[in-house]
Amino acid sequence: MKSPLLSLPGAVSAEGRDEGVAAHYGDLFREQRALADGSGFVDLSHRGVVTVTGDDRLSWLHLLLTQHVSDLAPHQATEALILSANGHIEHAMYLVDDGTTVWMHVEPGTQGELIAYLESMKFFYRVEVADRTEDIAVVHLPAGSIAEVPDGATVRETPQGRDLFLPRADLESYAAANGPAAGILAYEALRVEGHRPRVGFETDHRTIPHELGWIGTAVHLQKGCYRGQETVARVHNLGKPPRRLVFLHLDGSEVHLPGHGTPVRLAADGEEGRQLGFITTSARHHELGPIALALVKRNVAVDAELIAGDTAAAQETVVEP
C-alpha cells in the first residue's frame, strides 16, 4: 500500500519492510523532537489491519493468542503473539476491542498469512475475520498529543501514544489538519530508545518471547491452551532463554550505522572474533546519537565491551541474563 502522504513536501520514501510510507519529511531530528514533545503524527498506513467480529471473538482469540483476552474490556489496548508449535514467534498483533469488533494492526504484508491461520482455526465458533488494509489506515499520535480523534475512528491507547484506525480515504484530510507529519525513521528511533521489539527486526526463525522481554506485555503466564504454550512455560519455569535483547550505544564518530544482521562480537576479540549475536535495528536518535538493539547470547557479560561490525558498542541490559 503506497501512502498518499508521500506527496507531502520533503517526503522521502522508506525502503525495505516499511516501503510505502515516508522515511522522513526532510528533517529526521526535528521530526523526532516533535514526537517526543507530543506533537505531530506518524503515517503507519502500510501496516496490515485485521478485524474479528462475532459473539465468540474474544473467547476464540483467547484460545489462539499468548495474551489473556477473554475478558478484554472495550477500548483497552493490549498486544499478543502467535507462536509456532515449538514456541517461536510468528506474528505480533496490536489489539483493541471496541465492544463489537476486535481491531488489530500487524507487520506490513503479513496480514494474509495471519488471516489464513485464523480462518483455519474457526471451526464452529461464531466469528468473522476480515482484511481491512485496503480501506483502513493506521496513524500514530505520540504520548501527550492533544490532537482530536475524528468521529468514527477506533482508538488504541498505550503509554507510547494512540494508534488510530482511520478510513484510508480520510488520511490526507487528517494530515492537513493534524501535522506536521513525522517519518517512520523518527518513530523507529523512539522505538529503539524504548527497547520495544518488532517482529521481522528483533526476531528470526527461532526467537522465543523470553529473549525479547515480551513476557508480561504480550505473553500472559497464567493461561494455557495456545500453540507453543508448553515452550513458554518450560523456559519460564525450568530454564533461561538462549539469547537476550540488549540496547547499544554506538560510537558516534562512525559515519555509517551497522545494519540489520551485522555481527556483534567482543571488542577485545576484534572483527575476526567469535560472533555473539547480531544487530536487529539501528537508528540515529536526536539526543542519544547512534543507538541500536541487538540479540546476543545469554552468557555475554552485561559489562562486556562489544563491537558491531567495526563500530564500538556499549551495552545496556534489556533482558536479564
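Conventions we followed
Residues numbered from 1 in each chain as written. Predicted model: local features only at pLDDT ≥ 70, side-chain atom pairs only at ≥ 80, totals over all residues. Heavy atoms only, no water. Helix = DSSP H or I, 4+ residues; strand = E, 2+ residues; numbered from the N terminus. Buried < 20%, exposed > 50% of the residue type's maximum accessible area, 1.4 Å probe, protein only. Lys, Arg positive; Asp, Glu negative; His and termini not counted. Charge placed at Lys NZ, Arg CZ, Asp CG, Glu CD. Pairing = 2+ DSSP bridges. Phe/Tyr/Trp six-rings, centres within 6.5 Å; stacked < 30°, edge-to-face > 60°. Lys NZ or Arg CZ within 6 Å of the ring centre and 35° of its normal. UniProt positions renumbered as here; feature names shortened; annotations may be inferred. Axes fitted to C-alpha atoms, helices over the stretch in contact; angles between N-to-C directions. Contact = heavy atoms within 4.5 Å. Parallel < 35°, antiparallel > 145°, perpendicular 65-115°, else oblique. Left-handed = near helix turned anticlockwise from the far one by under 90°. Salt bridge = Lys/Arg side-chain N within 4 Å of Asp/Glu carboxyl O.

**Examining the overall build of the protein chain**
1) Next: On a plain count of helices and strands, the protein chain comes out with six helices and 18 strands.
2) Next: Counting only C-alpha atoms and orienting by the principal axes, one finds that the protein chain spans roughly 60 × 50 × 30 Å.
3) Next: Relative to its 321 residues, the protein chain shows a buried fraction of 52%.
4) Next: Here the protein chain holds 27 positive side-chain charges and 44 negative ones, and the gap between their average locations is 5 Å.

**A look at the sheet that holds strand β10 (residues 154–158)**
1) Next: Strand order in this open sheet of five strands is β10-β11-β9-β3-β12, and the pairing throughout is mixed. Looking at which strands have only one partner, the edges of the open sheet turn out to be β10 and β12 (181–182).
2) Next: Pairing geometry for β10 and strand β11 (residues 161–167), over five bridges, is antiparallel. Note on β11: the bridge partner recorded for T158 is G161.

**What to know about helix α5 (residues 184–193)**
1) Next: For α5, the buried fraction is high: eight of the ten residues fall into the buried class.
2) Next: One or two positions beyond α5, positive phi appears at H195, with a value near 60°.

**A word on the packing of aromatic side chains**
1) Next: Under the criterion given, the structure shown has three aromatic pairs.
2) Next: Judged by centre distance (5.9 Å) and plane angle (80°), the ring pair of F41 and Y174 falls under edge-to-face. One end of the pair, F41, is in strand β3 (residues 41–43); the other, Y174, is in helix α4 (residues 171–178), with 133 residues separating them in the sequence.
3) Next: For F41, a relative accessible area of 1% puts it in the buried group.
4) Next: Residue Y174 is classed as buried on the basis of its relative accessible area of 4%.
5) Next: Aromatic side chains W103 and F165 sit 5.6 Å apart centroid to centroid with 45° between the ring planes, which places their arrangement in the tilted category. In this pair, W103 sits in strand β7 (residues 101–106) while F165 sits in strand β11, placing the two residues 62 residues apart along the sequence. With respect to burial, W103 and F165 carry one shared label: buried.
6) Next: It is R17 that lies over the ring of F201; its NZ or CZ is 5.1 Å from the centre.
7) Next: Stacked on the ring of F201, the Lys or Arg R191 has its end atom at 5.8 Å from the ring centre.

**Quick notes on the UniProt feature "domain: GCVT N-terminal" (unreviewed entry) in the protein chain**
1) Next: Taken from the UniProt record, the annotation "domain: GCVT N-terminal" (unreviewed entry) applies to residues 30–141.
2) Next: Annotation note: span residues 30–141, helix share 22%, strand share 36%, distance between end C-alpha atoms 16 Å.

**Here we look at the sheet that holds strand β8 (residues 128–131)**
1) Next: Read from one edge of the open sheet, five strands run β5-β6-β7-β4-β8, paired in antiparallel fashion. Bordering the open sheet on either side are β5 (78–83) and β8, each of which pairs with just one other strand. If you compare each strand with its neighbour and ignore which way they point, the axes differ by 30° on average.
2) Next: For strand β4 (residues 48–53) and β7, the ladder comprises six bridges, and the chain directions are antiparallel. Each bridged residue has a counterpart across the sheet, and for V52 the counterpart in β7 is V102.
3) Next: Along the sheet, helix α3 (residues 111–120) contacts β4, β5, β6 (89–97), β7 and β8; its crossing angle with β8, the most-contacted strand, is approximately 170°.

**Points about the packing of helix α1 (residues 28–36) against α5**
1) Next: At a closest axis distance of 8 Å, the pairing of α1 and α5 adopts a crossing angle of 55°. Taken together, the axes of α1 and α5 are oblique relative to one another. In this structure, the crossing between α1 and α5 has a hand that is right-handed. Of α5, the residues touching α1 (which contributes L28, E31, Q32, L35 and A36) are L185, A186, Y187, A189 and L190.

**Notes on the environment of Y174**
1) Next: Residues Y174 and E134, 40 residues apart in the sequence, show an inter-C-alpha distance of 17 Å.
2) Next: Other than its neighbours up to four places away in sequence, Y174 contacts F41, V139, L141, A147, E148, P150, L164 and L166.

**What to know about the pattern of salt bridges**
1) Next: In the structure shown here, the tally under the stated rule is 17 salt bridges.
2) Next: Here D163 and R156 are joined by a salt bridge, their closest N and O atoms 3.1 Å apart. Residues D163 and R156 agree in their burial class; the two are buried.
3) Next: Here the salt bridges do not stand alone but share partners, grouping D18, R47, E107, E188, R191, R198 and E202 into one network.

**Looking at the pairing of strand β14 (residues 263–266)**
1) Next: Of the strand pairs in this sheet, β14 and strand β15 (residues 277–285) are connected by two bridges, and their pairing is antiparallel. By the bridge assignment, P263 is partnered in β15 with F278.
2) Next: Bridge analysis of β14 against strand β17 (residues 306–308) gives three bridges, and the strand direction is antiparallel. Across the sheet, the residue bridging to L266 is L306, located in β17.

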